[in-house]
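Chains, contacts and geometry: an overview
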Amino acid sequence: IQCLPLLVTAQVDLVLVLVSLLSLWTRLSRLSYPSSVVFDEVYYGQFVSLYMKRVFFIDDSGPPLGHMILALGAYLGGFDGNFVWNRIGAEYPCSVSVASLRLLPALCGALCVPLAYLLTLELRFSHLSALGAALLLLLENSLIVQSRFMLLESLLIFFVLLAFFSYLRFHNAPSRSWSGSGWLLLSGVSCAAAVGVKYTGLFSYLLLLGVASVHTWNLIGDRAVSHCVSKVLCLLVVPVLLYVFWFYIHLSVLHRSGPHDQLMSSAFQASLQATTHTDSPGSGDHSCLPSGCLCFRQELVVDTPPRPIRHGDVIQLVHGMTSRFLNSHDVAAPMSPHAQEVSGYIDFNVSMAAQNLWRVDIYNREAESEVWKTIVSEVRLVHLNTSAILKLSGVALPDWGFRQLEVVAEKLQKGHSSSLGWTVEEHRYGTSQEQKEREAELHSPTHIDVDRKISFWSKFTELQWKMLSVKQEESEHKYSSAPLEWLTMETNIAYWLHASTNAQIHLIGNPVSWGVASLSLLAYQLLATVYTLRRRRGLKDLSDGAWQRFVSLGFVCVGGWMMNFLPFLLMDKTLFLYHYLPALCYLYVLSPALLEHIRTLRSALCVCTAAVLVAILLSYWNFCPLTYGRPELSANQLQALKWRDSWDILYRRR
């Protein structure tokens, strides 16, 4: 018996390996410098600390996956969350592994370079064009800066590039290939991850769905290559399920009560640890009575009546400490004169009779119960005499009202508003007639053990709605910019400045490659217009294969730029230069592929291309001190780097 030798054949792309190593070196070297909080690390670090402590929070800027990835890096480095993220430039203590906090964003940023190389190959361009795309990303100073800190843009760009590369690998794979199906599944997972990091990832996801739809339309009727079902499953069903799964992990990990609880419903708050809630039907209030004015929280704490209160019942609400009845009459409220005053009634012998009867309207009774219960029942309180509805005006009272929110009764209400709804959160019951004893009883909740777990879907839908509807106030920022200013890099962002020297880090792109990207965009649009008009007249400058490749390049790269740039023109929010980076990466893939497409004047093109590459390398090296924060430059050297008058570069004269 003759034993045959086991042969293993492997193909290694040395260029891919080289650019990958260079990318890892540019993004990961000396990652712990500077050892202080840099720009938006002060924002994302707070969420990382809350993850470490399992404390619930809401971030209205996007879904939770990006925060979870940052928290994973912190967890691997042993971070316990005990750090106060209160200012940019604050020094990290020795107990905090700064490199681990920044590791995963830096790693994803490094992997973007080989992904750009592979994506160009899947667009059916040469290895030389793929190398050009990789070099443009490799030597882009702004991408390096954004990757080396605890920020989200590098994660977003990584998942977007991975999604397109995986899909094109599937599209180019042989029919009925199991490996092709695996690439399609990876594309769907990457789309879900991109949207899970930032909602702006939805732009690229919609573009990929558009490209997949065009490919599917072209394949209709071809029985040998039918991927319709698999595309629906992998590109629609899987991303939706994974998007929900990110929130499942988020809500499972963050099970403790935190500072953002007040934004959620009572049922949601009751599901968190360290929040005591008990069940009791009834009526009452949680308030104080300065100067006779009643000030509420948006929850009521109630006494137990002889029988359960039901929808439609007429009740009186009694203040536990003072035994005053909740009263309203046709007198203007102190801060909201269009509404009625609400107060604790006192008989001052002014011939104004008490009007302290309220009708209970349980507006979620169809889903819950006709009986008024804590946590689950959402009620409106309708004043019996005037038909006005008890509500929060949203205005804070002056000092005499202890700056609490004003409660009023308002008549004309169309539809449902959250300011009209009231819930009972806990039951406090006092039986003593003595004032001090009654106060002591009312300060201690009457505990009744009730299972207050609500379903994941209820928590998911409520959290999703809050993230989309509750917006923080937008404010002007020194380094904010308009989208049209991004095209020519009119502005920069100072990320970090050393406390005593001129060492500093700025978000400034490579001006040469930035200009090449913009010129490539204009050149493609011009060529596409000329080709389309000539083909309309029956003149074909390109073969069908070359034309198809040119169109595919435009769909992915120009379409990607448009989908990630044009929506910002319509956004009414504070924007920064780093919002342009995903769109810029598409143009870096476009530029070398477009050069390969142009086949005339080859010798002149080679000379120009070499000159541009040298200029890009020199520009990268020139701005390295502002990219890595070292070496420290003098004031004159920093002034020389101010290529545009609109750039804000800081320096100390000595």
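Worth saying up front: this structure is predicted, and the values here are computed from it rather than measured.

**Quick word on the overall build of the protein chain**
Within the protein chain, the secondary structure is distributed over 20 helices and 14 strands. For the protein chain, with 654 residues in total, the buried portion stands at 50%. The long-range share in the protein chain, meaning contacts at least 24 apart out of those at least 6 apart in sequence, stands at 72%. Total accessible area computed for the protein chain in this model is approximately 31900 Å², and 60% of it derives from carbon and sulfur atoms.

**Here we look at unusual backbone geometry**
Here Y33 and P34 are connected by a cis peptide whose omega angle stands at -5 degrees. Inspection of the secondary structure assignment puts P34 in the loop between helix 1 (14-28) and helix 2 (41-52). The omega angle of the peptide bond from R630 to P631 is 0 degrees, so this bond is cis rather than trans. On the secondary structure map, P631 appears in the loop between helix 19 (624-628) and helix 20 (635-640). Of note in the backbone geometry, R124 takes a positive phi value of approximately 70 degrees without being a glycine. Within the secondary structure, R124 is located in the loop between helix 4 (98-122) and helix 5 (127-138). The residue M489 is not glycine, and still its phi comes out positive at about 50 degrees. Along the chain, M489 turns up in the loop between helix 14 (483-486) and strand 13 (493-497).

**Considerations on helix 3 (residues 65-76)**
If you check helix 3, its first and last C-alpha atoms are 17 Å apart, about what twelve residues at 1.5 Å a residue would give, namely 16 Å. The element helix 3 is extensively covered by neighbouring structure, given that nine of its twelve residues are classed as buried. Among the structural elements, helix 2, helix 4, helix 7 (153-172), helix 8 (178-197) and helix 10 (228-253) are those in contact with the buried residues of helix 3. Phi for G78, located one or two positions after helix 3, is positive at around 80 degrees.

**Notes on the pairing of strand 7 (residues 340-344)**
In terms of burial, strand 7 is largely enclosed, as four of its five residues are buried. Pairing geometry for strand 6 (residues 326-332) and strand 7, over five bridges, is antiparallel. Bridge pairing links A332 to Q340 in strand 7. Note that strand 7 and strand 11 (residues 405-410) share two bridges and pair antiparallel. When the bridges of strand 11 are listed, E341 appears paired with V408.

**Concerning the pattern of salt bridges**
Note that side chains of opposite charge can pair when their charged atoms are close. Counted under the stated rule, the structure contains nine salt bridges. With a shortest N-O distance of 3.0 Å, E410 and K391 are connected by a salt bridge. Taken together, the residues span a long stretch of sequence, with E410 in strand 11 and K391 in strand 10 (residues 389-396) at a distance of 19 residues. K391 matches E410 in its accessibility class, with the two residues each being buried. Of the charged contacts in the structure, one is a salt bridge between R534 and D541, with a shortest N-O distance of 2.7 Å. Of the residues examined, R534 reaches a relative accessible area of 33% and is grouped as partly exposed.

**Details of the side chain of E153**
If you trace the backbone, E153 turns up in helix 7. Here E153 is in contact with Q146, K198 and Y578, once residues within four sequence places are set aside.

**Considerations on the side chain of N492**
The residue N492 is located in the loop between helix 14 and strand 13 in this model. A polar side-chain atom of N492 sits 2.8 Å from the main-chain amide nitrogen of D648. Ignoring any residue separated from it by four or fewer positions in sequence, one finds N492 in contact with Y479, H506, L507, I508, L577, S646, W647 and D648.

**Quick notes on the packing of aromatic side chains**
As enumerated under the stated definition, the model contains 38 aromatic pairs in all. Ring centres of Y51 and F57 lie 5.4 Å apart, and the angle between their planes is 85 degrees; on these two criteria the pair is classed as edge-to-face. Just as Y51 is buried, F57 falls in that class too. Counting every residue linked through ring pairs, the aromatic cluster contains Y243, F245, W246, F247, Y248, F456, W457 and F460. Over the ring of F125 we find R549; its NZ or CZ atom is 4.7 Å from the centre of that ring. One residue, R630, lies across the ring of Y33, its end atom 3.7 Å from the ring centre.

**Regarding the packing of helix 1 against helix 5**
For the pair helix 1 and helix 5, the least separation of the axes is 10 Å and the interaxial angle reads 5 degrees. Classified by the angle between their axes, helix 1 and helix 5 sit roughly parallel to one another. Along its contact with helix 1, which presents V15, V19, L22, S23, T26 and R27, the element helix 5 presents L131, A134, L137 and L138. Of the residues in the contact of helix 1 with helix 5, the class split is seven nonpolar, two polar and one charged.

**Here's the deal with the pairing of strand 8 (residues 358-362)**
Burial within strand 8 is extensive, with four of its five residues counted as buried. Alignment of strand 5 (residues 314-315) against strand 8, held across two bridges, turns out to be antiparallel. Its bridge partner lying in strand 8, I315 is registered against W358. Where strand 8 lies against strand 9 (residues 379-383), five bridges are found, and the strand directions are antiparallel. Each residue of the ladder has a partner; that of D361, found in strand 9, is R380.

**Here we look at helix 5**
Think of an α-helix as turning once every 3.6 residues; residues three or four places apart then point the same way. Between the first and last C-alpha of helix 5 there are 16 Å, a value that for twelve residues agrees with the 16 Å anticipated at 1.5 Å per step. Of all the residues in helix 5, the buried ones are S129, A130, G132, A133, A134, L136, L137 and L138.

**Considerations on the environment of L31**
Residue placement: L31 occurs in the loop between helix 1 and helix 2. A residue is classified by how much of its surface remains accessible, and L31, at 5% relative accessible area, is buried. Along the backbone, L31 and A99 are 68 residues apart, and their C-alpha atoms lie at a distance of 5.4 Å. In this view, L31 contacts A99, R102, L103, A106 and R148; residues no more than four positions away in its chain are not counted.

**Thoughts on the state of the cysteines**
Tallied over the entire structure, the rule returns zero disulfides. Residue C585 stays outside any disulfide, its sulfur separated by 6.4 Å from that of C112, the closest cysteine. Judged by relative accessible area, which is 2%, C585 ranks as buried.

**With respect to the confidence of the model for the protein chain**
Of the residues in the protein chain, 84% reach a pLDDT of 70 or more, and the chain-wide mean stands at 84. This stretch, residues 275-304, has a pLDDT under 50; its non-local contacts, to residues over four places away or in other chains, come to 138 contacts.

**Observations concerning a nonpolar patch on the surface**
Nonpolar side chains collect at one region of the surface, where V229, V232, L233, L236, V237 and L241 lie side by side and expose about 530 Å² of accessible area between them. When you line up the elements, L236 lands in helix 10.

**Observations regarding the packing of helix 4 against helix 7**
Closest axis-to-axis distance for the helix 4/helix 7 pair is 8 Å, and the angle between their directions is 30 degrees. In terms of orientation, helix 4 and helix 7 fall into the roughly parallel class. For the pair helix 4 and helix 7, the crossing hand works out as left-handed. Contacts from L104, P105, C108, G109, L111, C112, L115, L118, L119 and E122 of helix 4 reach helix 7 at S154, L155, I157, F158, L161, L162, F164, F165, L168, R169 and N172.

Calculation rules
Residue positions are counted from 1 within each chain, in the order its sequence is given. Residue-level local features of this predicted model are given only where pLDDT is at least 70; pairs of side-chain atoms are given and counted only at 80 or more, and the full residue set underlies all totals for whole chains, interfaces and linings. As a rule here, side-chain values cover all heavy atoms of the structure and leave hydrogens and water aside. Helix and strand labels come from DSSP, where a helix needs a run of H or I of at least four residues and a strand needs a run of E of at least two; each type is numbered from the N terminus. Here the term buried applies to any residue with accessible area under 20% of the maximum for its type, exposed to any over 50%, and partly exposed to those in between, with areas from a 1.4 Å probe on protein chains only. Note on contacts: a residue pair is in contact if any heavy atoms of the two residues lie within 4.5 Å. Methods summary: accessible areas were calculated by the Shrake-Rupley approach with a probe of 1.4 Å, and residue burial reflects only the protein chains presented. Each residue after the first adds 1.5 Å to the expected span of a helix. A pair of strands is considered paired only if DSSP assigns at least 2 bridges between the two. Between Lys or Arg on one side and Asp or Glu on the other, a salt bridge is scored when a side-chain nitrogen of the former is within 4 Å of a carboxyl oxygen of the latter. By the criterion applied in these results, polar contacts are pairs of N or O atoms within 3.5 Å in which, for protein atoms, one can donate a hydrogen and the other can accept it, and in which residues neighboring in sequence qualify only through two side-chain atoms. Put simply, two rings from Phe, Tyr or Trp (the six-membered ring, in Trp's case) pair if the centres are within 6.5 Å, and we call them stacked under 30 degrees between planes, edge-to-face over 60, tilted for the rest. Placement of a positive charge over a ring is assigned whenever Lys NZ or Arg CZ falls within 6 Å of the ring centre and within 35 degrees of the normal to the ring plane. All axes here are fitted lines through C-alpha atoms, helices being fitted over the stretch that makes contact, and every angle between N-to-C directions spans 0 to 180 degrees. Between 65 and 115 degrees an angle is taken as roughly perpendicular, under 35 as roughly parallel, over 145 as roughly antiparallel, and anywhere else as oblique. Each residue gets one label: Ala, Val, Leu, Ile, Met, Phe, Trp, Tyr, Cys and Pro are nonpolar, Asp, Glu, Lys and Arg are charged, and the others, such as Gly, are polar. Count a disulfide wherever a pair of cysteine sulfur atoms falls within 2.5 Å. pLDDT is a residue-level measure of predictor confidence that goes from 0 to 100. Residues with no salt bridge and a relative accessible area higher than 30% make up the patches, which join like charges within 9 Å and nonpolar side chains (Val, Leu, Ile, Met, Phe, Trp, Tyr) within 5 Å. Handedness of a crossing is defined here by the sense of rotation of the near helix relative to the far one, left-handed for an anticlockwise turn of less than a right angle and right-handed for a clockwise turn.

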